Amino acid sequence: MIVIENITKIYQTRRGSVTALDGVRLEINDGEFVAVQGPSGSGKTTLLMTIAAMLRPSRGHVIIDGHKLYQMSVGKRARFRAREIGFVFQMFHLIPYLTVIDNVLLAAGVTADKNPTARAMELLNVLGLRDRAQHKPSALSAGEKQRTAIARALLNNPTLLLADEPTGNLDPANADVVLNHLSAFHKHGGTVILATHSRRAEQLVDRTVHLQNGVIGNSAGCSPSN
Amino acid sequence: MKILSLIAKEIRHRWINFLLAVLAVTIAVAMFVSFCTAERASERETARIMLTMGYNLHILPENTDIDRFLLTGLSDGTMPEQYLEKLASRKGFSYNHLLASLQRKMKLRGVEIVLTGLAPELCPPGHKKPPMIYQIEHGTAYVGYRAAEKLGIEEGDLLELEDKKLKVVNCLKEQGGIADIRIQCHLHDAQQILHLPDRISQIQAVDCLCFAPTDDPVSILRSQIKSVLPDAQVLQSRSMATARTRQRRMIRDIFAVVMPGIAIACGIWIAVLTMMNVRDREHEIGILRAVGYGAGRVLLLFLGRAVVVGLLGAMLGFLFGTALAQYFGPGVFKITAPTILSPQLAWLLWSLLLAPVFSAIASFIPTVLAATMDPAAILTEE
């Protein structure tokens, strides 16, 4: 279970401080698929980064399965992130000089998985990228790049998948493919938090959380009973 | 993915940055190797050239009248021959050559000559060096130019001194000094002729404390020698010793000024290239942190690259430096070049050890910046 306890994030800029998240409270059950919606600048990415253990909030706690993320040491938090959390970005964020398989295997060095290459190939197979394994990102379409990023996020069998507008740079067909893969992860018991503007995503998620000016608005949909 | 594999792939991708960094280390190591070679060669070359200038230290019997010695170059006192062995075996007494002699002015067929008995020259144990002067066999004599002329002596003649017969094996060329009136023979022959068994009148030495950190090496020498030879006095030919020391220190001084300059310049060069590499890879660092790389692994990634730069630079620098020394060395160091300018494996090992450390130190600040970058800030910058 993910508990977001009164999170506030204030950025200090030259023009003064900007409050990106303002006392956000949220609970997400294991295996839940939650969409976070809101206009640009509403704090969606900040919320996801905070949940991903990459951005320390100014106030409040993020608790995942009883672990207070920001009370862990930096190293322990990095290992926790590698083991438990997968992150998919809007801009794919693949390393240009590595092949598809190498990009997927980037996360493997951090965990103790004995045969990461087999797992990576299995994921590429599922995501329809088996033939692209030895290609560089520059040779891939946008949809393929995003599927590579999903494979990388799933390599260590995380329990939580965070996706920050993963379909933002894709055409509708590729966006559907990506959303279906996120849905498949959810159906296999994974928790997904998806920041999106996509209407199609609303049909797949259990719940939609609206974020406006860093404050959670009304939630739509129903939470699973587990 | 293994760190090493990631380093190798990144190097292949950003090979220009990598090669420029390797070039910096190569230059530093090549300069180091060629300067070390030049310093070593210069030292040996100087020593060889200065052998012809003679000895720079005189150890004389206590009863020698120094004023008369300075006037004539001859010691009138004597000391036991065993002093030579005693001095040679003393630890911490820096010398390259020790020569014991017994000298006396005498008349031969009405002609004034200086009879000089020479013992075989001694070198420090384990440091066999070619003798500075000829070694005279028992029963033979080397005759100075004027003595030979005045006495009508030629090579092959038998020379009778007191009861001792010596075969003249060499009539020396004109020297323009006291050597021209010398008749030189083995020390033991001279002792027999002069009725001074087991006595010597001086010990000459080369290279005693030339590198002493003080301006007054003679006082150190005196105290050292006094502890071994209580009844001896020391006289140094300061100008000769100073010339030797200055010549030897010259390259060392240049090395001491130039090498840190080169090292600093190359270090800055590497630091700037690493900084450029870090800036270039900000995005990649963000991704790595996002997939779970800790700051330590990011440090390892950049320091590992610096170590590869150092290792490759060390090997290339050693080859380049050795090639420079071998190409230019023989023109500069004409006497010792064939023996001195060969590749030195020890310097390769030192280079392989120090260059990666140097490269890692030069890269350290940009690497720490990379390791402390905020992944959230990087990955949300679009």
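Residues numbered from 1 in each chain as written. Chains lettered and ligands numbered in written order. Predicted model: local features only at pLDDT ≥ 70, side-chain atom pairs only at ≥ 80, totals over all residues. Heavy atoms only, no water.

Chemist: Just checking my understanding: could you explain empty space enclosed by the protein for this structure?
Modeler: Take a probe with the size of a water molecule and roll it over the atoms, and the empty space left behind shows itself. Tallied over the full model, the rule gives three cavities of 30 Å³ or more. Quantified by volume, the largest cavity comes out at close to 110 Å³. If you go around the largest cavity, the residues you meet are A:Ala82, A:Ile85, A:Gly86, A:Phe87, A:Phe89, A:Ala107, A:Arg152, A:Ala153, A:Asn156, A:Pro158, B:Ala290 and B:Val291. Listed by contribution, the elements that provide at least two residues to the lining of the largest cavity are β6 (85–88) and α5 (142–154) of chain A. With three residues, the top contributor of residues to the lining of the largest cavity is β6(A). As a volume, the second largest cavity reaches approximately 50 Å³. Every residue along the wall of the second largest cavity is listed here: B:Ala21, B:Ile270, B:Thr274, B:Asn277, B:Phe302, B:Arg305, B:Ala306, B:Val309, B:Ser359 and B:Ser363. Secondary structure elements with two or more residues in the lining of the second largest cavity: α8 (238–280), α10 (295–332) and α12 (345–371) of chain B. Residue contributions to the lining of the second largest cavity peak at four residues, all from α10(B). Here the lining of the second largest cavity is built from residues that sort into five nonpolar, four polar and one charged. (1 Å grid on protein atoms, 1.4 Å probe; cavity = no way out; pocket = protein on both sides within 12 Å on 5 of 7 lines; lining within 4 Å. Points joined across faces, edges and corners; volume = space filled by probe spheres on them. Helix = DSSP H or I, 4+ residues; strand = E, 2+ residues; numbered from the N terminus. Nonpolar A, V, L, I, M, F, W, Y, C, P; charged D, E, K, R; others polar.)

Chemist: Would you take a moment to explain the interface of chain A and chain B for this structure?
Modeler: Interface size, as often reported, equals the accessible area lost upon joining of the parts. At the interface, 24 residues of chain A touch 24 residues of chain B. Summing both sides of the interface, chain A and chain B together bury roughly 2,000 Å²; the carbon and sulfur share of this comes to 68%. Contact with chain B buries surface across chain A, with A:His93, A:Tyr97 and A:Leu106 losing the most and accounting together for 31% of the total. Summed over the shared surface of chain A and chain B, the number is one salt bridge. (Contact = heavy atoms within 4.5 Å. Buried area = accessible area lost by both parts, 1.4 Å probe. Salt bridge = Lys/Arg side-chain N within 4 Å of Asp/Glu carboxyl O.)

Chemist: In this structure, what is going on with helix α2 (residues 74–84) of chain A? I would like to understand it.
Modeler: An α-helix turns once every 3.6 residues. As a result, residues three or four positions apart point the same way. All buried positions along α2(A) are accounted for by A:Arg77, A:Ala78, A:Phe80, A:Arg81, A:Ala82 and A:Glu84. Buried residues belonging to α2(A) abut β4 (59–64), β5 (67–68), β6 and β7 (160–164) of chain A together with α9 (282–290) of chain B. (Buried < 20%, exposed > 50% of the residue type's maximum accessible area, 1.4 Å probe, protein only.)

Chemist: What's the story with the pattern of salt bridges in this structure? I'm lost.
Modeler: Side chains that carry opposite charge are capable of pairing whenever their charged atoms lie near each other. In this structure the tally under the stated criterion is 17 salt bridges over all chains. Close ionic contact of A:Glu122 with A:Arg119 constitutes a salt bridge, the shortest N to O distance being 3.7 Å. Separated by three residues within a single helix, A:Glu122 and A:Arg119 lie in helix α4 (residues 116–126), roughly one turn from each other. Taking relative accessible area as the criterion, A:Glu122 reaches 45% and is therefore assigned partly exposed. Ionic pairing is found between B:Arg281 and B:Glu10, a salt bridge with its closest N-O pair at 3.5 Å. Placement of B:Arg281 in the loop between α8 and α9 and of B:Glu10 in helix α1 (residues 3–13) is noted, with a sequence separation of 271 residues between them. By the burial criterion, B:Arg281 is buried, and B:Glu10 matches it.

Chemist: What exactly am I supposed to notice about the environment of A:Val34 here?
Modeler: Residues and elements named next belong to chain A. Within the secondary structure layout, Val34 lies in strand β3 (residues 33–37). By relative accessible area, which is 0% here, Val34 ends up buried. It is 8.1 Å that separates the C-alpha atoms of Val34 and Thr191, two residues lying 157 residues apart in sequence. Once you skip the residues sitting within four places of it in the chain, Val34 turns out to touch Ile28, Val192, Ile193, Leu194, Val205, Arg207 and Val209.

Chemist: Please clarify how the side chain of B:Thr26 should be interpreted in this entry.
Modeler: All names here are of chain B. When you line up the elements, Thr26 lands in helix α2 (residues 15–51). Among the polar contacts made by the side chain of Thr26, one reaches the main-chain carbonyl oxygen of Val22 at a distance of 2.7 Å. Those residues in contact with Thr26 that lie beyond four places of it in its chain are Gly313, Leu316 and Gly317. (Polar contact = N/O pair within 3.5 Å; in protein donor to acceptor, adjacent residues only side chain to side chain.)

Chemist: How should α1(B) be read in this particular structure?
Modeler: Residue and element names in this part refer to chain B. Along α1, the positions that sit buried rather than exposed are Ile3, Leu6, Ile7, Glu10 and Ile11. Buried residues of α1, seen end-on, are gathered within an arc of 135 degrees and therefore sit on one face of the element. Summarising the geometry of α1, the exposed residues directed more than 90 degrees from the buried face are Leu4 and Arg12. (Arc of directions from axis to C-beta.)

Chemist: Honestly, the sheet that holds β5(A) in this entry has me stumped. Any pointers?
Modeler: Residues and elements named next belong to chain A. Pairing is antiparallel in the open sheet, where four strands are placed in the order β2-β1-β4-β5. Two strands lie at the open edges of the sheet, namely β2 (16–28) and β5, each paired on one side alone. Judged from the five bridges that link them, strand β1 (residues 2–13) and β4 form a sheet pairing that is antiparallel. Residue pairing for β4: Thr8 is matched across the bridge by Arg59. Against the sheet, helix α1 (residues 44–51) touches β1, β2 and β4, its axis set at about 120 degrees to β1. (Pairing = 2+ DSSP bridges. Axes fitted to C-alpha atoms, helices over the stretch in contact; angles between N-to-C directions.)

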